[in-house]
Structure formats: structure tokens, C-alpha cells
Amino acid sequence: MILVNGTERAGPTSVRRLLSDYLRHDLGLTGTHVGCEHGVCGCCTVLLDGSPVRSCLMLAVQADGHQVTTIEGLAPEAAPLHPVQQAFHECHGLQCGFCTPGFVMSVTGFLADNPSPSDAEITEGIAGNLCRCTGYASIRRAVRRAAELLEDERA
Amino acid sequence: MKPPVFEYHAPRSVAETVALLADLEDAKVLAGGQSLIPLLNFRLARPAHLVDVNGVTELERVHERDSGVAVGAAVRQATAERHPVLRGRCPLVPLALRHVAHQVIRNRGTVCGSLAHADPASELCAVLLVLGGHVVARSRRGERTIEAHDLFRGTFETALEADELVTEAWFPEHGPDVSLVEESRRHGDFAMAGVVRAGDRLALFGVAPTPVLADPADPTRGLQPSADLECSADFKLHLVQVLSRRAATREGSA
């Protein structure tokens, strides 16, 4: 069994199934995007037991007994958004949206680890995700804003 | 881009793992998978069997032994990067890990996996070489130690036999006078050239089929790098000169 967004799901039927394809094709969780399928673009990033990982670089069978959180699991209802999603919305951290789920999951894991990062740490923290249209300046702003929103939430 | 057909095995102990490796024809160890899974996705690797060691908890250990630190085969790079024992006794290892791909990759990738994969541009392989470390290889035939200078044989080639599992990598204790500098086109990419220094010992990576030790006074002597898509051979030689100078004068990394 794999605990996906808090719900127990039966594992994949084939050991060849990548975690990314299992989420999209077997569970219909198409919020996890698939870009390069070799670990470069970061679109398919999900949380595995709370840490961001590339779901295209893992077999679904390896998630057996673990918790997986996808973009759908961050804010299950349409509103309110998760603080990281809210920050991307406010700061124009997305344009076409293809890379966004990966960025949001990476940033969620990054800020959980480092709640008040410096600008250099933010740049380092998002370096594993590629965006081809919005531009990293707005995304960096969104990360700073997300850190504020998360801090407000904790206060 | 999907992995080819393989049989999947998830052993729970080292004994079970080496028994599988001994009995199975064409088996490959799967650790962090951050190099192996892309190779499967690209169909560049087509092993008949994958032996997944992620469930072998006895391989998750970081411990001090013989004036150094041993890192088990299932220890993630992210764990090693933050490990207080490595930070205190082997500061070059966490320092180098900051240059290995990106944080999200290091959350899954393992230290021993990088060594067994033996990418010519691997920081960790050069670190093991410059420090004079070793790996411990186990098979049903027994256990042996492979010194770093014997381990790396060529591009993605090591002295490991098909039935051997790297159970741990051992790094000798060292002082804080270490540095690592590398140059890549984009942050987190494989380096076009890199230099790692521990005291007065220097190793180069990304400029030969394996990491190589170099003379700090003449770091390019005997070096014949091949050009690749990003970098001519001459430019690699130039980078080695510049990076060696920087490595000599700088502590830490860039």
C-alpha cells in the first residue's frame, strides 16, 4: 500500500511503473507533470515522507509503505490555497503553469527544512527546477512571500 | 521513456542481497536510482534483474572506524551532507556533496551509488581518491577492500565484480584545509572540469575517464582530456590550471 495524499492506495500492477506514471495514469493525479523523464527539469517533484524527490526517478513499487504527497494533496479544496500556492499566485510565480507543481512541491519541502532562507539559499533551493516562461525573479519573490505566509500561519 | 522489462527484487539484508547477486544472471543493484533510473528510462541500461537495497536497513549506518568514517550503501547524500560525524571528521565529504546535482536529487541519491556508478565528472569519486579512501565490497565469496586508486577503471567502469555489493565507503579523517572548485555551464550540471584539494593533495575530475591525482605544481602534466559538447580539450586544460590555483588559495568551495 502507498499512502497518497493521506489515502491508502494499492501499489502499481507493474514493477516497471515509474512513480510519476503511477500517480498520473493509475491514480489520475495529473497535477504531477512529466517533463524530461530523466531528472533534469523538476516538473514531477513530489514529497516522499515529506522530502521532495523526482517521481520520474523512482519506481512506484519503491514507494510501498511510504507517504507520497502530490500537488493535489497540498490544498484538497479549491480554497484556501496552500501558502506556497498563494505566494506563487500573489507574486506572478507562474505563467503557463507547466513547471509550477514541481516548483511548489520543491519549495514546500525546501521551506519546511529552512523556514527563513537567505536570497542565496532561495536561488540554490530552486536551482533543480526549470522554468521556461515566467522567469526566476518572480519565482524567487514567491518563495520569499511563501516563507512569510508560512511564518504567519505558525504565529 | 519508460524502463525496459526487468525482474524486481527487494532484499531485506546484506546476506540476502549478495545471494541474489550471486544467483541472478545480469543483475544490477538499485540504490538511490538517480543515475540508474535515467539510464533505464533512456534504455541505455537493460539489466534483467534489479536488486533494490533501499530496504536493507543495516546499510543505513554512518560510523567511525579506523580513524575515518564509513558510510553505508543506503545512506542518502542529503543525510551525509548534514551528518555531524562527517561534518566534524571528514568535512570534505559534506562540502563536496553540496556540488552533487541538486538538493532534491541528493534527497534520494546515495554516496556509495555515486562511487559505484563512477561518472568521470563525479565529485565524490575524486574525493575518495584525493583522501585515499576505499570501498568495502561484499559477495557470497567474501569481503574485500578496494582502494580508491584501484576502484576506478574507466568511464562508468570500476573494479567491482558483477556479484559484488558495495556495503560501505570509508573516508579517512582529515583537517579543515580542504577545497573543491568546479566549473559547469549551469548550476548543478556535470562539471566541465573540477579540482578537489585535501591539504597538499590534488585530484581532478571531469577531465579524464576517471578521477586522477595531480601534482599541485603542474596539474595538467600528462593530462589528455577529450572534448565534449560543452567544452574543448584546450579549455578543459585551461580550467584545470585556473581551478587548481583557486583550490590552492581558497578554503571551502565555489
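Residues numbered from 1 in each chain as written. Chains lettered and ligands numbered in written order. Predicted model: local features only at pLDDT ≥ 70, side-chain atom pairs only at ≥ 80, totals over all residues.

This part is about the overall build of chain A. A tally of helices and strands in chain A yields 6 helices and 5 strands. In sequence order, chain A lays out its α and β elements as β-β-α-β-β-β-α-α-α-α-α. For 155 residues, the compact-globule estimate of 2.2 N^0.38 gives 15 Å, and chain A sits close to it at 15 Å. Referenced to the eigenvectors of the C-alpha coordinate spread, the extents of chain A come out at roughly 40 × 35 × 25 Å. Expressed as a percentage of the 155 residues in chain A, the buried residues total 47%. When contacts within chain A are restricted to residue pairs at least 6 apart in sequence, those whose partners lie at least 24 apart make up 61%. (Helix = DSSP H or I, 4+ residues; strand = E, 2+ residues; numbered from the N terminus. Rg over C-alpha atoms; globule rule 2.2 N^0.38 Å. Buried ≥ 20, exposed ≤ 12 C-beta atoms within 10 Å, placed from the backbone. Contact = placed C-beta atoms within 7 Å.)

On to the overall build of chain B, then. When helices and strands are tallied, chain B shows 10 helices and 15 strands. A globule of 254 residues ought to have a C-alpha radius of gyration of about 18 Å, and chain B, at 18 Å, matches this closely. Within the span of chain B, comprising 254 residues, buried residues form 49% of the whole. By sequence separation, contacts in chain B at least 24 residues apart represent 62% of the contacts at least 6 residues apart.

What follows deals with the nonpolar core. Counting residues in hydrophobic clusters, the biggest one holds 122 residues, and the most contacted among them are C112, L115, V127, L128 and A169 of chain B. Examining the composition of this core, we find that 8 residues originate from one element, helix α8 (residues 123-131) of chain B, more than from any other. (Core = buried A, V, L, I, M, F, W, Y, C linked by C-beta atoms within 7 Å.)

A word on helix α6 (residues 136-154) of chain A. Residues and elements named next belong to chain A. Between its first and last C-alpha atoms α6 spans 27 Å; for 19 residues at 1.5 Å apiece the expected length is 27 Å, and the two agree. For α6, the complete set of buried residues consists of I139, A142, V143, A146, A147 and L150. Each buried residue of α6 sits inside an arc of 145 degrees when the element is viewed along its axis, so together they form one side. The exposed set on the far side of α6, more than 90 degrees from its buried face, consists of A137, E148 and D152. Among the structural elements, α3 (83-90), α4 (100-113) and α5 (119-125) are those in contact with the buried residues of α6. (Expected span 1.5 Å × (residues − 1). Arc of directions from axis to C-beta.)

Attention now goes to the domain arrangement of chain A. Frequently, the measure chosen for interface size is the accessible area removed from exposure when the parts meet. All names here are of chain A. Here the domain parsing of chain A yields domain 1 (2-74) and domain 2 (83-154). Its C-alpha centre places domain 1 at a distance of 20 Å from the equivalent point of domain 2. Contact with domain 1, which involves 15 residues of that partner, is made by 14 residues of domain 2. Counting residues per element, the ones that place at least two in the side of domain 1 that touches domain 2 are β3 (45-48), β4 (51-54) and α2 (71-74). For the side of domain 1 that touches domain 2, the class distribution of residues is 8 nonpolar, 7 polar and no charged. (Domains from an automatic or database assignment. Nonpolar A, V, L, I, M, F, W, Y, C, P; charged D, E, K, R; others polar.)

Residues and elements named next belong to chain B. Read from one edge to the other, the open sheet built from 3 strands follows the order β1-β3-β2, with strand pairing classed as parallel. Of all strands in the sheet, those bounded by a partner on one side alone are β1 (7-9) and β2 (27-30). Neighbour-to-neighbour, the strand axes of this sheet turn through a mean angle of 25 degrees, independent of strand direction. Note that β1 and strand β3 (residues 49-52) share 3 bridges and pair parallel. Counterpart to Y8 in the pairing with β3 is L50. Sitting on the sheet, helix α1 (residues 14-23) touches β1, β2 and β3, and the angle it makes with β3 is about 170 degrees. (Pairing = 2+ DSSP bridges. Axes fitted to C-alpha atoms, helices over the stretch in contact; angles between N-to-C directions.)

Another aspect to go through is the packing of α3 of chain A against α6 of chain A. Residue and element names in this part refer to chain A. In the contact formed by α3 and α6, the axes pass within 8 Å of each other and the chain directions differ by 135 degrees. When the axes of α3 and α6 are compared, the pair comes out oblique. When the axes of α3 and α6 are compared, the crossing they make is right-handed. Note on element contacts: α6 touches α3 through A142, R145, A146, L149, L150 and E153, opposite P83, V84, Q86, A87, F88 and E90. For the contact of α3 with α6, the per-class residue count stands at 8 nonpolar, 1 polar and 3 charged. (Parallel < 35°, antiparallel > 145°, perpendicular 65-115°, else oblique. Left-handed = near helix turned anticlockwise from the far one by under 90°.)

So, on to the packing of α3 of chain A against α4 of chain A. Residue and element names in this part refer to chain A. Direction vectors running N to C along α3 and α4 enclose 125 degrees, while the axes themselves pass 9 Å from each other. When the interaxial angle is binned, α3 and α4 end up oblique. Considering only the axes of α3 and α4, their crossing is right-handed. Residues V84, Q85 and F88 of α3 pack against T100, V104, V107 and T108 of α4. Looking at the contact of α3 with α4, its residues break down into 4 nonpolar, 3 polar and no charged.

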